[in-house]
Amino acid sequence: MTNLELLTAADVRLMQALAQRITATRPDLVNADAAFGELAWNWGKGHAADGATWPRRLWFSDGDLIAWAWAHLPRRVRLSDGSVRDVTGAHLVYQVHPDHAGLVDEVIDWYDVTAAGLERTVVPGAADTFALERWAAHGYGTDPSSLGDTGSWTLLNERDLTDLERPVLPDGFRFRTADEVGPQAAVRAHLDAWAPSAYTIESYRGVRDTEAYRGDLHVLVEAPDGTLASSTIMWLDEANRTAQFEPVGTHRDHRRRGLARAMLLHGMHLARAAGATHMTVACLGAPGHPRARGLYHGVGFREFTRDAPLIKTAG
């Protein structure tokens with residue numbers, strides 16, 4: 001790691017700008033975890049704990065970022081229930097502007113050197129046929145863990161923000177924002193939905209400090225007893241007038257009550273009022289993961305594109 005440059009907040013802003021440029025012309029080529037909002041979320045929640053294991057490389061042309069690679073190397077993850085999980089392989093997030101598609105070979109070469117000797121995974125977009133051919137030529141194949149009914153591939157869903165249904169909450173529940181409830185409560189809401197999780201108050205501070213975060217677009221549902229029963233963050237890309245939900249979660253004791261549905265509808269009304277005309281949300285796409293897909297499709301989202309998880313064994 002001593003000769004590798006680590007990812008910085010300034011890098012993430014450049015990467016988000018590239019995501020915006022590609023979204024404007026070829027949104028189907030924005031890789032998993034490389035979308036405008038996803039970059040902010042992943043950087044914000046993880047950089048304090050994992051940033052020392054995040055080398056990156058950037059490629060420029062005439063002063064503009066045209067490609068980037070962000071490797072996630074082995075690390076130890078401490079979860080909210082006190083357990084520890086050791087990540088022993090490497091994972092790559094990357095993006096190449098379609099006008100410079102040939103740079104994907106340089107991305108692959110950099111990754112193979114950076115993660116030499118490790119099992120290596122990467123998630124190109126399924127629509128990026130050129131990149132898929134290049135990854136295959138470098139020895140990457142379909143990740144077996146992504147296959148079958150419980151596979152791990154991700155589906156990106158979209159809808160426009162016309163004809164929005166009115167959100168309806170059960171009696172006694174109400175919508176709140178993170179600006180209103182404060183950091184501790186916002187973190188508790190996330191942990192109640194996703195436990196065990198590596199999310200901490202420090203993670204939330206990192207998310208809140210990203211330029212893309214807006215506390216008024218971080219929406220929660222409060223139960224009559226004061227419990228925050230559901231939460232989501234919306235990431236507004238003003239340049240493309242689009243917004244993304246990430247993450248979306250509901251307290252285990254409050255599921256199947258229509259809270260997430262109402263929250264998503266309320267969030268889309270807020271996003272539209274903030275200037276968005278289009279919305280996206282990602283979920284696991286395999287048949288064995290129907291719950292989130294059913295939720296999103298039930299409020300008007302439809303499949304737009306999907307990823308294609310690849311792996312290369314250690315060596």
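Basis of the calculations
- Think of each chain on its own: its residues are numbered from 1, step by step along the sequence as written.
- At least 70 in pLDDT is required for a residue's local features to be given in this predicted model, at least 80 for side-chain atom pairs to be given and counted, and no such filter applies to totals for whole chains, interfaces and linings, which use all residues.
- To obtain the side-chain values, all non-hydrogen atoms of the structure were used and water was disregarded.
- Stacked, tilted and edge-to-face pairs are distinguished by plane angle, under 30 degrees for stacked and over 60 for edge-to-face with tilted covering the rest, among Phe, Tyr and Trp rings (Trp via its six-membered ring) whose centres lie within 6.5 Å.
- Only DSSP runs of H or I with at least four residues qualify as helices, and only runs of E with at least two residues qualify as strands; both kinds are numbered from the N terminus onward.
- Between Lys or Arg on one side and Asp or Glu on the other, a salt bridge is scored when a side-chain nitrogen of the former is within 4 Å of a carboxyl oxygen of the latter.
- Burial classes follow relative accessibility: with a 1.4 Å probe on protein chains only, a residue under 20% of its type's maximum area counts as buried, one over 50% as exposed, and anything between as partly exposed.
- Take the number of residues in a helix, subtract one, and multiply by 1.5 Å to get its expected span.
- Here, two residues are considered to be in contact whenever any of their heavy atoms come within 4.5 Å of each other.
- Whether two strands pair depends on DSSP finding at least two bridges between them.
- For helices, the axis comes from a line fit to the C-alpha atoms of the stretch in contact; other axes are also lines fit to C-alpha atoms, and the angle between any two N-to-C directions lies between 0 and 180 degrees.

Per an unreviewed UniProt entry, the protein chain is named GNAT family N-acetyltransferase, and its organism is Nocardiopsis lambiniae.

### Concerning the packing of aromatic side chains
For the structure on display, the rule yields 11 aromatic pairs. Where Y111 meets W135, the ring centres are 6.5 Å apart and the plane angle is 75°; that geometry is what we call edge-to-face. Within this pair, whereas Y111 is found in helix α3 (residues 104-114), its partner W135 is found in helix α4 (residues 129-137), the two being separated by 24 residues in sequence. The structure contains a cluster of three or more aromatic residues connected by ring pairs, namely Y94, Y111, W135 and Y140.

### Details of the pattern of salt bridges
Under the criterion given, the structure shown has 17 salt bridges. Note that E5 and R56 form a salt bridge whose closest N and O atoms lie 3.6 Å from each other. Here E5, found in the segment before α1 (9-25), pairs with R56, found in strand β1 (residues 56-61); they are 51 residues apart in sequence, far enough to count as distant. The class for E5 is exposed, based on a relative accessible area of 52%. A salt bridge links R134 to D105, with the nearest nitrogen and oxygen atoms 3.0 Å apart. With R134 in helix α4 and D105 in helix α3, the pair connects residues that are 29 residues apart, well separated along the chain. The exposure class of R134 is partly exposed, given its relative accessible area of 26%. Here the residues in one salt-bridge network are R174, R176, E180 and E222, joined through shared partners.

### Quick notes on helix α6 (residues 183-194)
The end-to-end C-alpha separation of α6 is 17 Å, in line with the 16 Å expected for 12 residues at 1.5 Å each. For α6, the set of buried residues is A186, V187, A189, H190, L191, D192 and A193. If you follow the buried residues of α6, they end up packed against α2 (36-50), α5 (178-181), α7 (201-208), β10 (218-222), β11 (228-237) and β12 (242-250).

### With respect to the sheet that holds strand β7 (residues 141-142)
Strand order in this open sheet of six strands is β1-β2-β5-β6-β15-β7, and the pairing throughout is mixed. Every other strand in the sheet has two partners, leaving β1 and β7 as the edge strands with one partner each. Relative to strand β5 (residues 90-96), strand β2 (residues 64-72) runs antiparallel, the two being bridged by six bridges. Bridge pairing in β5 places A69 opposite Y94. Here α1 sits on the sheet and contacts β1, β2 and β5; the angle it forms with β2, its principal contact strand, is near 120°. Each of β1, β2, β5, β6 (120-122) and β15 (310-312) is contacted by α3, which is oriented at about 160° to β5, the strand it contacts most.

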